[in-house]
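Each chain, written out:
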Amino acid sequence: MVKENNSKKTLDLDEVLTNELGEFGKFQIVNLLLVCFPLLVAAFPSDYIFSVAAIPHRCRIPECGEENKQQFFSPDWISNAIPESGSGLASCERFLPHSIFDHNQTVGCDDFVYARDNSAVYDFNLGCQEWLRVLVGTLGNVGTLLVLPFTGFISDRFGRRLALVISAFNIALFGLIRAFSTSYTMLIITQIIQTTLGGGIYSSAYIYGAELVGPNYRVSATTVIGLLFSVGLVLLGMLAWVIQQWRILLMVLYIPPFLLISYYWLLPESVRWLISKKKFLDARKVLENVARINKTKISEESLKALLDSPQSVAAENDNIGVFLKVIRSRVLLQRGCTTPIWWITATFVYYGLSINSTSLSDTMYLNYILTMTSIELPGGICVIFALNWWGRKKTLFLGYILCGICNIVFVFVPTDMYVLRLIIYLLGKFCISAVLAAVYLYTSELYPTEYRHTLLAFSSMIGRLGSILAPLTPVLSLYWHGIPSLMFGVMGLISGLLVLTQPETQNTRLPDTLAEAEALGTETKIS
């Protein structure tokens, strides 16, 4: 609808997409298909689940002629030298050697023999140093925390397209360098640099896709974006199963993403960003290109009204900075304190359950793939319908609450009731997968175009505290098996209640200015 403002007609971009250009035409489809590749690549830094996977190991017994870590893992005599544990041979202790082995005394290992050589645990001799092994995943997630303000700044200042290309190049370059690590120190340094400089590839692609389509297709488009990340995780699991040598796996994963450099010339810039930065000539070219490819028309009157709209002058008087503006806005300040808590819970529970899924059966690759295909993808598909039927608030509220309940109940189900425990575990994973798909969309709709990536990145950055802690949950379970699940459950319940404090954004225009974002929940919805 055209509005009167100081005797000038102004238009919202969503109105132009809906009434003239087309909300989901050939232009949007082609560019969303291009965005599929970086969304798949965004899942690859989770390779640490396989590249630094735990492998069975035991003490090396030099008294019996074992000279290195490549000895046969279970020779006939080994039970005389190493005690049995609940899962086979003890990993970190051996019988004390005298003239014969003393079965009444044990000592720690000086060196190890490994059952396999396809993990960095073998290459860097990390046997019985579990904290060093999980530190790789933890530091990788520290990098994803550090990258978000960096990527958000580039995206909001220099454009969505440049942020995407820079992230893709860095993720490819440092992933490939990591494949040639000569020491554990080099491995963790390249891991954290890779995610610090390239981990923003998902948020860049997500923002680009969300701003590309009209309001009636935004849920479907952004949910498909989330599903593609899950497909990337499935692809990672399949490749890791086929290519079990971790160095070769990293080469296969990170050489193809160098092709994404071409996106600087293939992808048009987000027209929402161009308008918000008053790049009117570039915005006009993109709008006319949309009309040409979609075989629609945009009138000169609409162009003039759109480029004269409040969103086109939003960048004026921006010297006080985005966060100072948020602090001065009571509504945005409350929102900025709430959304990061949602993200901490979503990432902590999601990655915690994903990491622990590899121990559901004997084949970690199959466990991982089945968890993704049977739970992750259906959860992402169901959330499309839930977001459209129930809205953002109800979907997110129910997802958090049900996930919290499942994890708390899981703590108290006896371990011998395997089927019931598996059902509860998978239901909790289903709920948190739906939550993660919904929280991206809901958060992006709560913030204005001019600061959307920065504020979404801030929420996601704080939320990465959850993914940083997630790799440590197996260690916490050594003290009491229920600690991780109880933490997942309580955080889910708290986040579910916090969802109720925010406005519903279903069928509302994507806010372009800070004032429009403040007015969410009080405006008339799009019919």
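Residues numbered from 1 in each chain as written. Predicted model: local features only at pLDDT ≥ 70, side-chain atom pairs only at ≥ 80, totals over all residues. Heavy atoms only, no water.

**Describing the overall build of the protein**
At step 1: From N to C terminus, the protein includes 23 helices and 8 strands.
At step 2: For the protein, the C-alpha radius of gyration of 26 Å lies close to 24 Å, the compact-globule estimate for 527 residues.
At step 3: If one aligns the C-alpha atoms of the protein with their principal axes, the spans along those axes are about 100 × 45 × 40 Å.
At step 4: With 527 residues in all, the protein has 56% of them scored as buried.
At step 5: Taking the contacts inside the protein whose residues are at least 6 apart along the sequence as the reference set, 76% of them involve residues at least 24 apart.
At step 6: With an accessible surface of roughly 22,200 Å², the protein has 65% of that area assigned to carbon and sulfur atoms.
At step 7: Between the averaged position of the 39 positive side-chain charges in the protein and that of its 39 negative side-chain charges there is a distance of 9 Å. (Helix = DSSP H or I, 4+ residues; strand = E, 2+ residues; numbered from the N terminus. Rg over C-alpha atoms; globule rule 2.2 N^0.38 Å. Buried < 20%, exposed > 50% of the residue type's maximum accessible area, 1.4 Å probe, protein only. Contact = heavy atoms within 4.5 Å. Areas by Shrake-Rupley, 256 points an atom, 1.4 Å probe, with all protein chains shown as cover. Lys, Arg positive; Asp, Glu negative; His and termini not counted. Charge placed at Lys NZ, Arg CZ, Asp CG, Glu CD.)

**Focus: the side chain of S276**
At step 1: Position of S276 among the secondary structure elements: in helix α12 (residues 271–276).
At step 2: Note on S276: relative accessible area 3%, which makes it buried.
At step 3: A distance of 2.8 Å separates a polar side-chain atom of S276 from the backbone oxygen of W273. (Polar contact = N/O pair within 3.5 Å; in protein donor to acceptor, adjacent residues only side chain to side chain.)

**Topic: the state of the cysteines**
At step 1: Under the criterion given, the structure shown has 2 disulfides.
At step 2: Two residues, C59 and C109, share a disulfide whose sulfurs are 1.7 Å apart. Classification of the bridge connecting C59 and C109 rests on its S-S torsion, roughly -60°, and on that basis the disulfide is left-handed. Of this pair, C59 sits in strand β3 (residues 57–59) while C109 sits in the loop between β7 (101–108) and β8 (112–114); the two residues are 50 residues apart in sequence, bridging distant segments of the chain. No difference in accessibility class separates C59 from C109, as the two residues are buried.
At step 3: Paired by a disulfide, C92 and C128 hold their sulfur atoms 1.8 Å apart. For the disulfide bridge between C92 and C128, the dihedral angle about the S-S bond is near -110°, and by the sign convention the bridge is left-handed. Residue C92 is located in the loop between β5 (88–89) and β6 (93–97), and its partner C128 is located in the loop between α4 (120–123) and α5 (130–158); the two are separated by 36 residues in the primary sequence. (Disulfide = S-S within 2.5 Å.)

**What about the confidence of the model for the protein?**
Low pLDDT marks stretches whose predicted atomic positions should not be read closely.
At step 1: Taken as a whole, the protein shows an average pLDDT of 83; of its residues, 91% reach a score of 70 or greater.
At step 2: In this model residues 1–9 is a low-confidence stretch, pLDDT under 50, and it forms 17 contacts with partners more than four residues away in sequence or in other chains.
At step 3: With pLDDT under 50 throughout, residues 310–320 is counted as low confidence; its partners more than four residues away or in other chains account for 27 contacts. (pLDDT = per-residue confidence, 0-100.)

**Remarks on the nonpolar core**
At step 1: One finds W342 and L396 to be the most contacted residues of the largest nonpolar core, which totals 127 residues.
At step 2: Top contributing element to this core by residue count: helix α19 (residues 418–446), with 14 residues.
At step 3: The residues touching L396, leaving out its near neighbours within four places in the chain, are W342, V435, A438, V439, Y442 and V499.
At step 4: Among the nonpolar cores identified, the runner-up in size contains 7 residues, and L332, Y451, L514 and A517 belong to it. (Core = buried A, V, L, I, M, F, W, Y, C linked by side-chain atoms within 4.5 Å.)

**So, the pattern of salt bridges**
At step 1: In total, this model carries 11 salt bridges according to the counting rule given.
At step 2: Each member of the salt-bridge network shares a partner with another, and the members are D156, R160 and E211. (Salt bridge = Lys/Arg side-chain N within 4 Å of Asp/Glu carboxyl O.)

**Thoughts on the packing of aromatic side chains**
At step 1: A full pass over the atoms with the stated rule returns 18 aromatic pairs.
At step 2: Between Y202 and F229, the ring centres sit 5.3 Å apart and the planes meet at 65°, which makes this aromatic pair edge-to-face. Of this pair, Y202 sits in helix α8 (residues 201–212) while F229 sits in helix α9 (residues 218–242), and the two are 27 residues apart along the sequence.
At step 3: You can call F229 buried: its relative accessible area is 11%.
At step 4: Each ring, one from Y202 and one from Y440, has its centre 4.8 Å from the other, and the planes form 70°; the classification is edge-to-face. (Phe/Tyr/Trp six-rings, centres within 6.5 Å; stacked < 30°, edge-to-face > 60°.)

**Focus on unusual backbone geometry**
At step 1: Its identity as a non-glycine residue notwithstanding, C128 has a phi of 60°, on the positive side.
At step 2: You can call C128 partly exposed: its relative accessible area is 32%.
At step 3: The phi dihedral of K278 is positive, around 60°, even though this residue is not glycine.

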